[in-house]
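# Understanding the architecture of this molecule
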Amino acid sequence: MNPLWLSHFTATSSIGLGLPQTLSALREQRGGLAPCTFDSVDLATFTGEVSGVDSVQLPAALADFDCRNNRLAFLGLTQDGFTEAITKASLKYGPQRIGVFIGTSTSGILQTELAYRRLDPVTGAFPPDFNYPTTHNTFSVADFTRAALGLTGPAVVVSSACSSSAKVFASARRMMEAGLIDAAVVGGVDSLCLTTLYGFNSLGLTSTRACRPFDADRDGISIGEAAAFALLERAPAQLEPDAVLLLGVGESSDAHHMSSPHPDGLGARMAMQQALSMAGLSAADIDYINLHGTATPSNDAAETKAVAGLFGHNTPCSSTKGATGHTLGAAGGVEAVICALALQHGLLPAGLNTQQLDPALPLNYLLHNREQPVKRVLSNSFGFGGTNCSLIFGRAG
C-alpha cells in the first residue's frame with residue numbers, strides 16, 4: 001500500500017488529556033485505573049474514567065448531540081490543536097473531501113439508560129427531551145464529529161466491538177485509494193455506561209483489581225473510556241524524520257465464538273500476517289508490538305500463540321490496557337496514538353500492574369519501559385465475534 005501520513009493525532013483517556021499528559025504518564029509508568037465510582041454502579045471493579053467529561057459544555061449549535069459520549073468526543077477534539085489542524089486541512093482539500101471514520105461499541109447508550117429512569121409513569125413514554133438519533137444511535141458520534149469539525153464529506157461508524165477504531169484506518173484507506181476523498185479523520189470514542197459494566201461483569205470478565213495483562217494471576221479486564229483521533233493524508237515527498245506513517249493494515253474474521261477468541265489465535269495471526277504483507281515487511285522488521293492484551297485468561301493465551309507463531313519470542317511487546325483500561329471501541333485508536341508516541345520518542349511502554357509473568361505465555365513482555373530507536377511498530381485490536389485488525393506504523397526517518 002502507499003503509506004498514509006498521520007499528520008496530526010491526539011488521545012484523551014484516564015491517563016491524560018492530550019499528548020503531553022499521555023506521554024508523561026507512559027514515561028512515568030502511571031496508570032489511570034481506580035475503584036469504580038461511576039454513576040450508580042455497584043460492582044467491585046476498577047475503571048479508567050476520564051475526568052471532567054460531565055462538565056463539558058457543547059456549543060449551542062451542537063446541543064442536540066449532548067450526551068456523555070459526544071462530550072467525551074468534544075473533549076478529545078479540543079486537545080493538541082486537532083480542531084485547528086482540521087480547519088487548515090478543510091481549506092486545503094475542501095470540507096467535502098475529508099471523510100470521517102469513527103469506531104465505537106456502545107456510543108451514547110448511557111443517554112438511553114438515563115432516559116429509562118425518567119419514563120412517563122402512566123404511558124411509559126420516553127421523556128420529550130430524549131433524542132435517540134443524535135445521542136444513543138451508533139452513527140451519532142460520527143455525525144457529531146463531522147458537525148463539530150465543519151466537514152461535509154462521507155461519514156462512517158465502525159462498530160465491531162474492540163476492533164472498531166483500528167478498522168476505521170482500513171475503511172479510510174480504502175476510500176482514499178478509491179479517490180473518493182483526499183484526507184480522513186479517523187478515531188474512536190467509547191464512554192462508560194451501566195450496560196457495559198454490568199454486561200462484562202455478567203460474563204465473568206471483569207477483575208476486582210486493576211487489570212494485569214499476561215500476569216499468572218490475571219482474572220479479567222478493567223473497562224475504560226477514551227477518545228482518540230488522527231488526520232490521515234497522503235504522504236508528501238518530503239517529511240520530517242519523526243513523521244508517523246500508516247504502513248500496513250490487516251483484517252480477519254475467524255467467527256470462532258461470540259465472546260471468546262479462537263484458542264490458537266488463528267484469526268489474529270491472519271490479521272498480523274496481512275498487515276506485514278501489505279507493508280512489504282517481515283516479522284523481523286517490527287521493533288515493538290502493542291498487544292490487544294485484555295488480561296482475560298483466554299485472550300492473552302490466544303494472542304500469545306498468534307504472536308509467538310509469527311514473531312517468535314524475542315520481539316518486545318506489552319499491553320497498555322493496564323494503564324488506560326480496556327476502552328473497547330476506542331482501544332484501537334488510543335493504542336494507535338500510543339504507538340505513534342513510541343515511534344516519535346523512542347519509548348517502548350511497559351505493561352502496568354503485571355507482577356509475575358505467566359510462564360505459559362512466553363513472550364518478551366516489557367515490565368519496565370525501554371528507551372531505544374523505534375522504526376516500526378504493530379498494534380493489535382481483536383473484538384468479540386472474532387473480528388481482528390492489526391495496524392503497522394512507521395517512522396518516516
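Residues numbered from 1 in each chain as written. Predicted model: local features only at pLDDT ≥ 70, side-chain atom pairs only at ≥ 80, totals over all residues. Heavy atoms only, no water.

## Side note on the sheet that holds strand S8 (residues 223-224)
Ordered by their spatial adjacency, 3 strands build an open sheet running S3-S4-S8, and the pairing between neighbours is mixed. Of all the strands in the sheet, the pair left with one neighbour each is strand S3 (34-35) and S8. Sheet topology note: the S3/strand S4 (residues 46-48) ladder contains 2 bridges and is antiparallel. Paired with Ala 34 across the strands is Thr 47, a residue of S4. (Pairing = 2+ DSSP bridges. Helix = DSSP H or I, 4+ residues; strand = E, 2+ residues; numbered from the N terminus.)

## Notes on the pattern of salt bridges
Using the criterion set out here, one finds 19 salt bridges in the structure. For Asp 54, the salt bridge is made with Arg 68, and the minimal N-O distance between the two is 2.9 Å. Highlighted residues: Asp 54 in the loop between S4 and helix H2 (68-77) and Arg 68 in helix H2, separated in sequence by 14 residues. With a closest N to O distance of 3.5 Å, Arg 146 and Asp 143 form a salt bridge. Of this pair, Arg 146 and Asp 143 both sit in helix H5 (residues 140-149), separated by 3 residues, roughly a single helical turn. Of the residues examined, Asp 143 reaches a relative accessible area of 24% and is grouped as partly exposed. One network of salt bridges, with partners in common, ties together Glu 49, Asp 54, Asp 66, Arg 68, Arg 71 and Glu 225. (Salt bridge = Lys/Arg side-chain N within 4 Å of Asp/Glu carboxyl O. Buried < 20%, exposed > 50% of the residue type's maximum accessible area, 1.4 Å probe, protein only.)

## Quick look at helix H9 (residues 297-311)
Because the α-helix completes a turn every 3.6 residues, residues three or four places apart line up on one side. With 15 residues, H9 should cover 21 Å at 1.5 Å per step; its first-to-last C-alpha distance of 21 Å lies within 8% of that length. After H9 finishes, the residue Gly 312 shows a positive phi value of roughly 80 degrees. (Expected span 1.5 Å × (residues − 1).)

## Here we look at the environment of Ser 160
You can see Ser 160 is positioned in the loop between strand S6 (155-158) and helix H6 (164-177). Since its relative accessible area comes to 16%, Ser 160 is described here as buried. On a C-alpha basis, the gap between Ser 160 and Gly 385 in space is 8.5 Å, while along the polypeptide they are 225 residues apart. Setting aside residues up to four positions removed in sequence, Ser 160 forms contacts with Lys 167, Gly 383 and Thr 387. (Contact = heavy atoms within 4.5 Å.)

## Some points on H5
The buried count for H5 comes to 7 of 10 residues, which makes it a mostly enclosed element. If you check which residues of H5 are buried, you get Ser 140, Val 141, Ala 142, Phe 144, Thr 145, Arg 146 and Leu 149. Elements that come into contact with the buried residues of H5 comprise H2, helix H3 (82-93), strand S5 (98-103), S6, strand S7 (183-190) and strand S9 (226-234). In the stretch just after H5, Gly 150 is the one whose phi turns positive, near 70 degrees.

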